[in-house]
Amino acid sequence: MAITAAVRQDIMELAVLMNNTAPGTTLLAELVAKSNAGSSLTEIAEHLAARAEFTAKYPTFQTATEFANEWLSNALPEADAALLAECVTIVEAHINGGGSIPGLVVSVQAFMTDAANATGALKTHIDNFTNERRIFIYSR
């Protein structure tokens, strides 16, 4: 089965959100192979979360608050304190409520790539994410 450009883009965006960098050729090939073998985006995110690159940055002993603060500072570097605090609360609730980090990242990726969400206070952040992922994708 051949991967579509849209699925490959989703995979690359997950890697950017999880590792704060675009996947190299080797990692992208590995993730595409997983997709071609039937892995869902959540399963691919679970795979990324288990890799040393992720666990070195976000160790499993972090509290939900520590993870939320650190991850969001990477995912939304230009966010002001009020937006960050609101997002931290959402991430904490997700994790403390039993949600997984990979599930969270897949949901955030879907939200950030939906142009309908690029309004109001979030417009700048979603536009920046869109531009950042274009830079990562086209720098390949």
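What you are looking at is a predicted structure, and each value in this text was computed from that prediction instead of being measured. (Residues numbered from 1 in each chain as written. Predicted model: local features only at pLDDT ≥ 70, side-chain atom pairs only at ≥ 80, totals over all residues. Heavy atoms only, no water.)

Asker: Explain the overall build of the protein to me, please; I cannot follow it from the model alone.
Answerer: A count of helical and extended segments in the protein gives 8 helices and 0 strands. Of the accessible surface of the protein, which amounts to about 7,300 Å², a share of 57% is contributed by carbon and sulfur atoms. (Helix = DSSP H or I, 4+ residues; strand = E, 2+ residues; numbered from the N terminus. Areas by Shrake-Rupley, 256 points an atom, 1.4 Å probe, with all protein chains shown as cover.)

Asker: Teacher, can you tell me more about the packing of helix H1 (residues 5–19) against helix H7 (residues 101–112) here?
Answerer: The geometry of a pair of packed helices is captured by two quantities: the angle between their axes and the separation between those axes. As a packed pair, H1 and H7 sit with axes 10 Å apart at the nearest point and diverge in direction by 115°. Crossing of H1 over H7 shows right-handed handedness. Facing Asp 10, Glu 13, Leu 14, Leu 17 and Met 18 of H1, the residues of H7 in contact are Val 105, Val 106, Val 108 and Gln 109. (Axes fitted to C-alpha atoms, helices over the stretch in contact; angles between N-to-C directions. Left-handed = near helix turned anticlockwise from the far one by under 90°. Contact = heavy atoms within 4.5 Å.)

Asker: Would you take a moment to explain the nonpolar core for this structure?
Answerer: Side chains of nonpolar character tend, in soluble globular proteins, to be buried together. Within the largest apolar cluster, 31 residues are counted, with the highest numbers of intra-cluster contacts made by Met 18, Leu 48, Phe 67, Trp 71, Leu 72 and Val 91. When contributions to this core are tallied by element, the ones reaching two or more residues are H1, helix H2 (25–36), helix H3 (41–50), helix H5 (64–75), helix H6 (81–96) and H7. In terms of residue count, H1 provides more of this core than any other element does, 6 residues in total. The residues touching Trp 71, leaving out its near neighbours within four places in the chain, are Leu 17, Tyr 58, Val 91, Leu 104, Val 105 and Val 108. (Core = buried A, V, L, I, M, F, W, Y, C linked by side-chain atoms within 4.5 Å. Buried < 20%, exposed > 50% of the residue type's maximum accessible area, 1.4 Å probe, protein only.)

Asker: What should I look at first to understand the pattern of salt bridges in this one?
Answerer: Scanning the entire structure with this criterion turns up 2 salt bridges. The closest approach of N and O atoms between Glu 30 and Arg 51, which form a salt bridge, is 3.2 Å. In this pair, Glu 30 sits in helix H2 while Arg 51 sits in the loop between H3 and helix H4 (52–57), placing the two residues 21 residues apart along the sequence. When its relative accessible area of 28% is taken as the criterion, Glu 30 is described as partly exposed. Taking the shortest distance from any N to any O, the salt bridge between Arg 51 and Glu 53 comes out at 3.0 Å. A residue is classified by how much of its surface remains accessible, and Glu 53, at 43% relative accessible area, is partly exposed. Three or more residues joined by partner-sharing salt bridges are found here, namely Glu 30, Arg 51 and Glu 53. (Salt bridge = Lys/Arg side-chain N within 4 Å of Asp/Glu carboxyl O.)

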